[in-house]
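Given next are the chains, with one letter for each unit.
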Amino acid sequence: MLELFRWGYAEARKLTVVLLTLVVLDSLAMVALTVLVGQVVGAADGLSNGGPVGRFVGLIAALAVVFLIDTTVPVLRAACMTRLETHMARVAVTQIADPLLAPRRAGHIDDPKVQDAFGRCTTEIQIPIDVGPTVASFQLASRLTLVGSLVVLTVVFHWWVAVAMLAGTVFLEWWWRRYIEAEIEVWHGRTEQQRHATYLFDLTVLHAAKEIRIFGLNRWLFRAQQRWMADALRPIARRRARNGSANLVASLLPVAITGGGIALAGLEAWRGQLSITAFATAVPALLAAASGFAAGSSAQVRRARHALREMRNLPALIEQRHPEPAGHSADLSRAPQQEIRFESVSFRYPGADRDVLSRLDLTIGAHEALAIVGVNGAGKSTLVKLLAGVYAPTGGRILVDGVDLAAIDGDSLASWQRRIATIVQDFLQLPLSARDNVSFGAVANATEDDAFIDTAVARAGARDVIDRLPAGWDTRLDKSYDGGVDLSGGEWQRIALARALRAVDAGASVLVLDEPAAALDVRSEAALVDRYLELTAGIASVIISHRFSVVRDADRICVLGDGRILESGRHQDLIASGGHYATMFALQASRYIEVDQP
């Protein structure tokens, strides 16, 4: 509880202080109400025997004031909790996202251990971390009410009844702590199943809704999602079933103690051993103290605390498994001026059992238009990620003008990454305006005149796409918004190409085009082929494509296979050599050549 309050105080000092103040005031009002009710009942009974009217009226007035406080404070407290939860939700998102976004490399994103830790940060058996301080306030309120009620019981009833109530609370807290800790431990071990369930839900509802319905998979995938979630919850359900009887017995403890206390108070009042005032005070005090037995707030607090600890441990986990480069500073702001060299580079993804690239050697000239071809799974896209420093090689090294990318610090690596403009296979499709989707290629220059991005759009052959938009540059490229539109795959690909070219115009010196014609029609592809050398003039470029018509005009073509470069040369030379490239080219060309049958 204190750990959650300290977090709330550190991130939202005023709201946390106000909430704690209201919690204390609410608990005091409840205890005062208990005492005043007893006093009013006793004074009312005394009126029939000629008791003082003034005292009765004063008690009624005090009761009214306390009742007003007791009904008003919860409303203020609820409003404060809403504001605090909203604020802490933003804080939690930032504190979880920062360690994931901070590294210049992205190896940690594919790490199952990091993914599991991320899952534990965002859900602790459905208790979101951002409500931690507010659920802790419920527990604090029950504790304060318990203490106040026990004091009242000690004064007006029996001290040993108050001790019994306290002992019951301590026992029940211990019991539920053991149970909840064991449940959380089981839940931690099922994170992979949780991720599968979340992925299937998002896929069914958001990412592939059209295709899933076409194939009639929506119900099937939803049932699969339910099976994964049931698999994640099954050990917890079994544990709850096994402990159901014991939990029931433990939960009956407060009923037994409270009921016994009320029965004793009634017996003593009947015998005349307890005054009507003491009886009317003791019974509400017993009922108020019983609220301190509630295990719900304790369970929520412990789950939120575990999520908070996972969140705080996330940066250390990422640093331990994927340390940021702590090397020297290097000026790559104008690189490459000579070449980019892969020297005996190997790479294996976290958890994989084989290398994607194995002792690969490759040189890219500072002004060379290089093409890379190969079958699916050959490692072409992985090579691009290594070039951009998004991944570090697991063997060998990558040199930019003689500087080892693995031996430079994070700022230098960031400087190098700003030199690279890319259009990858799963390129960004931002639900923002057309202007933003292009200008984000050069964020630092995003406020410049539209003429700059218009130039990039024209070079990418996407001018007609912008002209057809109802609000031009201001059109939101997402039809789920009012006035928004959805683009075709080819139109999106031309917008992505414009974004990459905007980065080149702003100073990027390496252009990477990974399957840039995959979604283009024949006319757009032909236009791209015709302009390819023009688009890449004066910079280093790497184009990856399965379409040989796109790569044939490159300065050099490399065939990637078995994790290494199998062949390298110009189109004519590779065809003449009759090797891998010639075979693949002939196979693809044969599909477009009509042979007349005799």
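Since the structure is predicted, the reported quantities are computational estimates derived from the model, not experimental observations. (Residues numbered from 1 in each chain as written. Predicted model: local features only at pLDDT ≥ 70, side-chain atom pairs only at ≥ 80, totals over all residues. Heavy atoms only, no water.)

K.L.:
Looking at this model, I keep getting lost on the overall build of the protein. Mind explaining?
P.N.:
A tally of regular secondary structure across the protein gives 22 helices and ten strands. For the protein, buried positions account for 47% of its 598 residues. Of all intrachain contacts in the protein linking residues separated by at least 6 positions in sequence, the fraction that spans at least 24 positions is 77%. By element, 59% of the accessible surface of the protein is carried by carbon and sulfur atoms, the whole surface being about 29500 Å². (Helix = DSSP H or I, 4+ residues; strand = E, 2+ residues; numbered from the N terminus. Buried < 20%, exposed > 50% of the residue type's maximum accessible area, 1.4 Å probe, protein only. Contact = heavy atoms within 4.5 Å. Areas by Shrake-Rupley, 256 points an atom, 1.4 Å probe, with all protein chains shown as cover.)

K.L.:
Is there a simple way to think about the pattern of salt bridges in this case?
P.N.:
If the charged atoms of two oppositely charged side chains come close together, the side chains can form a pair. Tallying each qualifying case throughout the model produces 14 salt bridges. Taking the shortest distance from any N to any O, the salt bridge between Glu3 and Arg312 comes out at 3.7 Å. A residue pair is termed long-range when its members are at least 10 positions apart, and Glu3 in helix α1 (residues 2-11) and Arg312 in helix α12 (residues 296-321) qualify at 309 residues. Put simply, Asp355 and Arg348 hold a salt bridge, and the shortest N to O gap is 2.9 Å. For Asp355, a relative accessible area of 27% gives the class partly exposed. Where salt bridges share partners, they join Asp464, Arg468, Glu491 and Arg494 into one cluster. (Salt bridge = Lys/Arg side-chain N within 4 Å of Asp/Glu carboxyl O.)

K.L.:
Looking at this structure, how should I read the confidence of the model for the protein?
P.N.:
Low-pLDDT stretches of the model should not have their predicted coordinates read in fine detail. Per-residue confidence for the protein averages 83 on the pLDDT scale, and 85% of its residues sit at or above 70. Confidence, expressed as mean pLDDT per element, reaches its minimum in the protein at helix α8 (residues 209-214) with 59 and its maximum at strand β1 (residues 339-347) with 96. (pLDDT = per-residue confidence, 0-100.)

K.L.:
What am I meant to see in a nonpolar patch on the surface here?
P.N.:
Together, Val24, Leu28 and Leu144 make up a nonpolar patch on the protein surface, roughly 230 Å² of accessible area in all. One can find Leu144 in helix α5 (residues 132-156). A relative accessible area of 31% means that Leu144 is categorised as partly exposed. (Patch = residues over 30% accessible without salt bridge, like charges linked within 9 Å, V, L, I, M, F, W, Y side chains within 5 Å.)

K.L.:
Any chance you could explain the packing of aromatic side chains here in plain terms?
P.N.:
Given two aromatic rings, one states the distance between the centres and the angle between the planes to describe the pair. Enumeration according to the criterion identifies six aromatic pairs in this entry. Where Tyr581 meets Phe585, the ring centres are 6.2 Å apart and the plane angle is 20°; that geometry is what we call stacked. A residue pair is termed a helical-turn pair when its members lie 3 or 4 positions apart in one helix, as Tyr581 and Phe585 do in helix α22 (residues 580-590) at four residues. An aromatic cluster is defined as three or more aromatic residues linked by ring pairs; in this entry it consists of Phe347, Tyr349 and Tyr391. Positioned above the aromatic ring of Tyr481, the side-chain terminus of Arg476 is 4.1 Å from the ring centre. (Phe/Tyr/Trp six-rings, centres within 6.5 Å; stacked < 30°, edge-to-face > 60°. Lys NZ or Arg CZ within 6 Å of the ring centre and 35° of its normal.)

K.L.:
Looking at this structure, I do not really get the sheet that holds strand β7 (residues 510-514). What am I missing?
P.N.:
To summarise the sheet geometry, strands pair through backbone hydrogen bonds and adopt either a parallel or an antiparallel arrangement. Strand order in the open sheet made by the six strands is β6-β7-β8-β3-β9-β10, with mixed pairing throughout. Because the sheet does not close on itself, it has two edges, and the strands there are β6 (420-423) and β10 (564-569). Ignoring strand direction, the axes of neighbouring strands in this sheet form an average angle of 20°. Where β7 meets strand β8 (residues 540-544), five bridges bridge the pair, whose relative direction is parallel. Within β8, the residue paired with Asp514 across the bridge is Ile544. This element, helix α13 (residues 380-387), spans β3 (369-373), β6, β7, β8 and β9 (556-561) of the sheet and lies at about 155° to β7. (Pairing = 2+ DSSP bridges. Axes fitted to C-alpha atoms, helices over the stretch in contact; angles between N-to-C directions.)

K.L.:
Whenever I open this one, the sheet that holds strand β2 (residues 357-365) confuses me. Can you help?
P.N.:
Ordered in space as β2-β1-β4-β5, the four strands form an open sheet in which the pairing is antiparallel. Here the strands that pair on one side only, and so sit at the sheet edges, are β2 and β5 (403-404). Sheet topology places β1 next to strand β4 (residues 395-400); five bridges connect them, and they run antiparallel. Paired with Glu343 across the two strands is Arg397, which belongs to β4. In the packing of α13 onto the sheet, the strands contacted are β1, β2 and β4, and the crossing angle to β1 comes to about 120°.

K.L.:
Is there a simple way to explain unusual backbone geometry in this structure?
P.N.:
For residues besides glycine, phi is generally negative; the peptide bonds are generally trans as well. That bond from Ala335 to Pro336 is cis: its omega, -5°, falls within 30 degrees of zero. Residue position: Pro336 is located in the loop between α12 and β1. For Asp401, which is not glycine, the phi dihedral falls at a positive 55°. Following the sequence through the fold, Asp401 ends up in the loop between β4 and β5. Given a relative accessible area of 26%, Asp401 falls into the partly exposed group. Positive phi outside glycine occurs at Asp562, with the angle close to 55°. With respect to the helices, strands and loops of the structure, Asp562 is situated in the loop between β9 and β10.

K.L.:
When you look at the nonpolar core in this model, what are you seeing that I'm missing?
P.N.:
Generally speaking, nonpolar side chains in soluble globular proteins are found buried as a group. Core analysis: the largest hydrophobic core is formed by 46 residues, its most contacted members being Leu511, Val551, Ile557 and Tyr581. Every residue in contact with Ile557, bar those within four places of it in the chain, is listed here: Ala371, Val373, Val551, Arg552, Glu567, Ser568, Gly569, His571, Leu574 and Tyr581. (Core = buried A, V, L, I, M, F, W, Y, C linked by side-chain atoms within 4.5 Å.)

K.L.:
Which parts of the structure should I look at to understand the side chain of Thr281?
P.N.:
Topologically, Thr281 is positioned in helix α11 (residues 276-290). Each residue touching Thr281, except ones within four places of it in the same chain, is listed here: Thr34, Val35, Gly38, Gln39, Val152 and Val156.

K.L.:
Just checking my understanding: could you explain the pairing of β1 for this structure?
P.N.:
Where a strand is regular, its side chains alternate between the two sheet faces. In the sheet, β1 pairs with β2 via six bridges, with the strands oriented antiparallel. Looking at β2, one finds that Ile340 is bridged to Ile364.

K.L.:
Which parts of the structure should I look at to understand the layout of surface pockets?
P.N.:
Summary: where empty space remains is shown by rolling a probe the size of a single water molecule over the atoms. Computed from the structure, the largest pocket encloses a volume of approximately 1400 Å³. Along the wall of the largest pocket there are 39 residues; nearest its centre are Val390, Arg418, Ile420, Thr422 and Leu428. Broken down by secondary-structure element, the contributors of at least two residues to the lining of the largest pocket are α3 (53-101), α13, β6 and α18 (489-505). When its residues are assigned to classes, the lining of the largest pocket shows 24 nonpolar, eight polar and seven charged. (1 Å grid on protein atoms, 1.4 Å probe; cavity = no way out; pocket = protein on both sides within 12 Å on 5 of 7 lines; lining within 4 Å. Points joined across faces, edges and corners; volume = space filled by probe spheres on them. Nonpolar A, V, L, I, M, F, W, Y, C, P; charged D, E, K, R; others polar.)

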